[in-house]
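Observations on the model geometry
For reference, the chains in residue letters:
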Amino acid sequence: DFKLAKRVTRIKPSPSTAAAARAKELKAAGRDIVDMTVGEPDFDTPDIIKQAAVAAMQAGQTKYTAVNGTLELRQAIAARMKRHTGQDYALDQITVGGGGKQIIFLAFMASIDDDDEVIIPAPYWVSYPDMVIANEGKPVIVTCPEDNGFKLTPEALEAAITPKTRWLVLNSPSNPTGAVYNEAELKALGAVLERHPHVFVLTDEIYDEIWFGEGKLVSLVEAVPALKERIFAVNGVSKSYAMTGWRLGYAVGPLVLVNAINKLQSQISSCPSSISQAAAAAALSGDQSFVAESGKAYRRRRDVAVELLNGIPGLSCKAPDGAFYLFANCSGAIGKTAPSGQKIENDLDFVLYLLDNGVAAIHGAAYGLSPYFRLSTATSEDLIREACRRIEAACAALS
Ligand code: PLP
């Protein structure tokens, strides 16, 4: 028997990747499934970005780059950080990797040892706890109920901090809830963090271009500049520029951590694709109209989906402030019985029942909060309407 390492056997595969794969498989087998699991824009990468990649290839940019990314890309990232947060970052405080996902993993790998604690507000992006566990850390899950907009309160943060706490993970706008922290909420969390100088904050800002509020979205470093030396801000081009397949993420933060990540990268991947780096530099510094246009589409889709879902007896869903997900409450369906005689005991039973009825979604338990289910709205309005029709029929058939 092949013996696997403990770091592998103690984690599970990403449930969202698995659910998306299951939906694809069923579709390939001829089943009529509306796939609402996808965590990626349905838009194509804008043409000007593709053109930048072609130009880079033709100019011979087809070789290894510096481990922490090309100068051109890091300059584009620094300029973007300045635009969005007003903060200056030195080029050596910036690093790049094969997706924001890889950078978060490396940040934990570089910073946590046996049982170091990482505070993860739930509902959370499915990967955080397993990334912490894979790196010998201990996830400390703090439940953030719907009545506070699925957001972490200063009191809950204070209560979760121990001498072993290394990180707080803050994901705003959030996957799966779309919750966005406003400036006052960030300042209140910041006040707690200022009392605990041993706690660093990993801000996952990957959805920061997709938000439906007025004015500018505020990030933690902008709201609480005093924390700048303790904030590791992760971002990427996957969601904002419909570039999931290019695998390019970036982060800015404390030099010691960035250098450690670069050391790991030098032994792991050398650098992300030179061509993707050229494309990402063009995305960050070029015309931003795609961001505005796609944002409008996500907002329309959100409005359509929220209205339809709230019209279904047993379900409820608040309009999220950002990202392209809905985290809908399905408590009214729990305890009911399907026409097959199967009882819906929890949100996993509910999404499996929806799958039988032609809609693929992901159960709330995968994100650490039940009874909910996540629908992605990174899909067309027509598909959203069809999915909601099927969900409504499925719910109506429960007794
Ligand atoms: N963070 C969150 C909250 C996400 O939802 C995702 C992707 O699903 C990522 C990070 C990683 O994105 P990527 O690795 O494509 O940059």
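Fair warning: this is a prediction, and the values are worked out from it, not measured in the lab.

The rules behind these values
- Residues numbered from 1 in each chain as written.
- Predicted model: local features only at pLDDT ≥ 70, side-chain atom pairs only at ≥ 80, totals over all residues.
- Helix = DSSP H or I, 4+ residues; strand = E, 2+ residues; numbered from the N terminus.
- Rg over C-alpha atoms; globule rule 2.2 N^0.38 Å.
- Buried ≥ 20, exposed ≤ 12 C-beta atoms within 10 Å, placed from the backbone.
- Contact = placed C-beta atoms within 7 Å.
- Axes fitted to C-alpha atoms, helices over the stretch in contact; angles between N-to-C directions.
- Parallel < 35°, antiparallel > 145°, perpendicular 65-115°, else oblique.
- Left-handed = near helix turned anticlockwise from the far one by under 90°.
- Nonpolar A, V, L, I, M, F, W, Y, C, P; charged D, E, K, R; others polar.
- Core = buried A, V, L, I, M, F, W, Y, C linked by C-beta atoms within 7 Å.
- Domains from an automatic or database assignment.
- Expected span 1.5 Å × (residues − 1).
- Arc of directions from axis to C-beta.
- Pairing = 2+ DSSP bridges.
- pLDDT = per-residue confidence, 0-100.

**Comments concerning the overall build of the protein chain**
- Secondary structure summary: the protein chain contains 14 helices and twelve strands in total.
- Relative to its length of 399 residues, the protein chain is compact, with a C-alpha radius of gyration of 21 Å against a globular reference of 21 Å.
- C-alpha extents for the protein chain along the principal axes are approximately 60 × 60 × 50 Å.
- Taking all 399 residues of the protein chain together, 49% fall into the buried category.
- Taking the contacts inside the protein chain whose residues are at least 6 apart along the sequence as the reference set, 71% of them involve residues at least 24 apart.

**Side note on the packing of helix α4 (residues 71-85) against helix α11 (residues 274-285)**
- Where α4 contacts α11, the axes come no closer than 9 Å and their chain directions differ by 25 degrees. In terms of their interaxial angle, α4 and α11 are classed as roughly parallel. With respect to the hand of their crossing, α4 and α11 are arranged in left-handed fashion. Across the interface between the two elements, Glu72, Leu73, Ala76, Ile77, Ala79 and Arg80 from α4 touch Gln277, Ala280, Ala281, Leu284 and Ser285 from α11.
- Looking at the contact of α4 with α11 residue by residue, the classes come out as seven nonpolar, two polar and two charged.

**Quick look at the nonpolar core**
- Among the nonpolar cores identified, the biggest contains 121 residues, and Val201, Ala279 and Ala328 are the most heavily contacted of them.
- Of all the elements, α11 adds the most residues to this core, at seven residues.
- Three or more residues apiece are contributed to this core by two domains, here domain 1 (6-44 + 290-396) and domain 2 (61-285).
- When residues no more than four places from it in sequence are discounted, the contact partners of Val201 are Trp167, Leu168, Leu170, Leu193, Leu220, Leu227, Arg230 and Ile231.

**As for helix α8 (residues 183-194)**
- The terminal C-alpha atoms of α8, which comprises twelve residues, lie 16 Å apart, in line with the 16 Å expected from a rise of 1.5 Å per residue.
- Among the residues making up α8, those that are buried are Glu185, Leu186, Leu189, Gly190, Val192 and Leu193. Projected onto a plane normal to the axis of α8, the buried residues spread over an arc of 155 degrees and lie on a single side.
- The inward-facing, buried residues of α8 contact α7 (154-160), β6 (200-204) and α9 (220-223).

**Side note on the sheet that holds strand β7 (residues 231-236)**
- A sheet is described by the order of its strands in space; here seven strands give the open sequence β2-β8-β7-β6-β5-β3-β4, paired in mixed fashion. Both edges of this open sheet fall to β2 (94-97) and β4 (138-143), since each of them pairs with a single strand only. Averaged over all pairs of adjacent strands, the angle between strand axes in this sheet comes to 20 degrees, irrespective of strand direction.
- Inspection of the sheet shows β7 paired to strand β8 (residues 249-252) by four bridges, in the antiparallel sense. Following the sheet pairing, Asn235 is matched in β8 by Tyr250.
- On top of the sheet, α4 reaches β2 and β8; it is set at about 115 degrees to β2, its chief contact.

**Examining the sheet that holds strand β11 (residues 362-363)**
- Read across the sheet, three strands follow the order β9-β12-β11 without closing on themselves; strand pairing throughout is antiparallel. Whereas interior strands pair on both sides, the edge strands pair on one side only; in this sheet they are β9 (325-329) and β11.
- Both β11 and strand β12 (residues 372-376) contribute to a ladder of two bridges, which runs antiparallel. Among the inter-strand pairings, Ile362 is bridged to a residue of β12, identified as Arg374.

**What to know about the domain arrangement of the protein chain**
- As assigned here, the protein chain comprises domain 1 (6-44 + 290-396) and domain 2 (61-285).
- Facing the 32 residues of domain 1 at the interface are 32 residues of domain 2.
- Counting only elements with at least two residues in the side of domain 1 that touches domain 2, the list comes to α2 (15-28), α12 (289-310) and β9.

**A closer look at the confidence of the model for the protein chain**
- Here the protein chain averages 96 in pLDDT, while 100% of its residues score no lower than 70.
- Taken together, the chains of this predicted complex give a pTM of 0.96 and an interface ipTM of 0.99.

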